[in-house]
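# Remarks on the overall topology
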Amino acid sequence: MKRTPTSVLGLCSYTHDSSAALLVDGELVGFVEEERLSEQKHTKLYPARAVGWLLDQAKLSAADVDAVAYNFQPARYLAESPAALRMALSPTTRDRSLARAHGFAKVALRTRRRLRVLGNQFPSAHVTPVLHHRAHQLTAFAASGWEEAAVLVVDSLGERQTTTIAHGHGTHHPRARTLEAINDPASLGYVYGAVTEHLGWRRGDEEGTVMALAALGDPARFRHLFTRAVRTTSTGFHIDPGYFPTRTLTSGYARTSRRFVAETCPERHPSEPLTDVHRDLAAALQERTEQVMVHLARRARVLTGSRRLCVGGGVATNCVSIGKIIESGIFDEVFVPPAPGDAGTAIGAALAVHVDRRSPRPIAGIARNCYLGPSYEDQPLDLTPWPGLRQKTLGIETAEFLSDQLTHGTIAGLFQGAVEAGPRALGNRSILASPLEPGVVERLNVTVKFREPFRPFAPMVPAERADEFFTLGQPAPYMSMASGVTDQTRERVPAIVHANGTSRLQTVTRSQNPFMHAVLTAFGRRTGVPVLINTSLNVKGKPICGTPEMALDCLANSGLDALLLEGRWITK
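Only a predicted model underlies this, so the values are computations on that prediction, with no experimental measurement involved.

## Overview of the overall build of the chain
Along its length, the chain carries 18 helices and 21 strands. Its C-alpha atoms give the chain a radius of gyration of 23 Å, near enough to 25 Å, the size a compact globule of 572 residues would have. Counting only C-alpha atoms and orienting by the principal axes, one finds that the chain spans roughly 70 × 70 × 45 Å. Of the contacts formed within the chain by residues at least 6 apart in sequence, a portion of 71% connects residues at least 24 apart. Here the chain carries 64 positive and 55 negative side-chain charges, and the mean point of each set is 6 Å from the other.

Right under this line is the structure:
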């Protein structure tokens, strides 16, 4: 009798960055963030489009799904309420203890209701809540493809945990055993988000802007403040509530204290100009974040004895911190998955359920794979809604054509193959430009991306030639690591070097992305520099373009010169 395949649907939903992943007999059918299909950045809505696409790919209905894995456990939230009440004993946390206890209990009950809703949507499935940090751990470790590694997860909050160190084992049946955990209110992600908000940007969205701004400031001005506010310990770190009041999970409570404001600056409105105090505050925050991340990496090395490290959680998107860990030499190699933030926990949650079921089926399709979402390769294209656009179909020399256009100063969008996982465009939903073109950074920021002028642009380079231009000394396939640069880079392509002397690098292999590797090689043959600027195919405030319609809107409403969309060259 033929065996029926087992399907596990992993979900990140109802909080932010909704996404879905589907495993069938341990093989990843796909993964996509809902924003790439709905056009609502960081959406927290149930990922209906993502789930629909996955079920269609697997030729399943909702009734065919055997298990649903959700990326939070409600009971773990509830456990925080008694601890929160004990905070009433301290004068520095007393005023928030009741609100904190109530907030965690409320989220626990809300999460339970969400699990019941999911159960109704998938009538044949057992709905399993998965510990949030475990989902992060499994996502990071399984994506590495390693047999064994230390796993460090640092984020804002997962139930009660904010930081965990685990030891991962097993390529085909990955497991991660937590060795040490730090609970809220000690949260590096909370502090970074609080200062991001204080500086006038959106918490949970624009921390990368603060990281970029940090390169323009002097950390010495507020160094001692952050040393006091974020104090390292032998096993981790501690947050001083005198500077960053205890989290409540209830709206209306400030994340920075009057003391913090008095010792730094008033909260900046987004319309206000940036001054040196804002730059210096960002610089000190970033410096302390890097120090704590390196400290945690050392702790992971001690606890696991491993020579390899996987890093996950929202703070893992701080590419400068990851670069500092690599520079420290604590580990032989460091890996960050393509989707280290909450969206990626949809994969980890599904993995947890698959492993816990003791399925003999090995996992597949996750290790070293970032192109996991929908593709639109054979679909017809109707430009009627965009009357100002024109198209022509290219021949087989598409890579040569694109490299020639870039050589002559064209700024081009690229839409090909499957949607990337994670926050970075990795050559399938990208905007490409020559770093040799005078004024290219200013043009990209002002007319294409509509963003702050101090924001840098990331380079991509063939992996086999990375050492000529960058000092990282290891692969960086997902644009998640800041690297130092060589003298040749400073002399020939200064446009891709940020004010702190680093570049957020993407190394490209022929096996990972044959087309982009061919474009880079052809560009190098024409110019002597096989390096291109690669930024995401979107404008500020919008998600990366997951569909052809989104990409065409981006072309029509920005300063892009052209769009290469599945072999069609589209111009204005």
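## Comments concerning the environment of Pro548
Structurally, Pro548 is set in helix H18 (residues 548-556). Judged by relative accessible area, Pro548 falls into the buried class, the value being 7%.

## A few points about unusual backbone geometry
Cis geometry is adopted by the peptide bond preceding Pro185, which originates at Asp184 and carries an omega value of 15°. Relative to the helices and strands, Pro185 resides in the loop between strand E8 (175-183) and helix H7 (188-198). Even without being a glycine, Tyr14 presents a positive backbone phi close to 75°. For Tyr14, the location among the structural elements is in the loop between strand E1 (7-12) and strand E2 (19-24). Tyr14 sits in the buried class, given a relative accessible area of 17%. Phi is positive for Asp25, close to 55°, though the residue is something other than glycine. Along the chain, the position of Asp25 falls in the loop between E2 and strand E3 (27-33).

## Observations regarding the packing of aromatic side chains
Enumeration over the complete set of coordinates arrives at twelve aromatic pairs. The interplanar angle of 80° and the centroid separation of 6.5 Å between the aromatic rings of Phe226 and Phe260 together place this pair among those described as edge-to-face. Of the two residues, Phe226 sits in helix H9 (residues 223-229) while Phe260 sits in helix H10 (residues 258-263), which places them 34 residues apart along the sequence. In textbook terms, an aromatic cluster arises when at least three aromatic residues are bridged by ring pairs, as seen for Tyr14, Tyr70, Phe72, Tyr77 and Phe104. A cation over a ring is seen here: Arg268 above Trp201, with NZ or CZ 4.9 Å from the ring centre. Note that Arg429 overlies the ring of Phe415, its terminal NZ or CZ placed 3.6 Å from the centroid.

## Details of the pairing of E8
The sheet contact formed by strand E7 (residues 161-169) and E8 spans eight bridges and is antiparallel. Looking at the pairing, Ala166 lines up with Thr178 of E8. Between the end of E7 and the start of E8, which pair antiparallel, lie five residues, with Gly170 showing a positive phi angle near 95°.

Cut-offs applied
- Residues numbered from 1 in each chain as written.
- Predicted model: local features only at pLDDT ≥ 70, side-chain atom pairs only at ≥ 80, totals over all residues.
- Heavy atoms only, no water.
- Helix = DSSP H or I, 4+ residues; strand = E, 2+ residues; numbered from the N terminus.
- Rg over C-alpha atoms; globule rule 2.2 N^0.38 Å.
- Contact = heavy atoms within 4.5 Å.
- Lys, Arg positive; Asp, Glu negative; His and termini not counted.
- Charge placed at Lys NZ, Arg CZ, Asp CG, Glu CD.
- Buried < 20%, exposed > 50% of the residue type's maximum accessible area, 1.4 Å probe, protein only.
- Phe/Tyr/Trp six-rings, centres within 6.5 Å; stacked < 30°, edge-to-face > 60°.
- Lys NZ or Arg CZ within 6 Å of the ring centre and 35° of its normal.
- Pairing = 2+ DSSP bridges.

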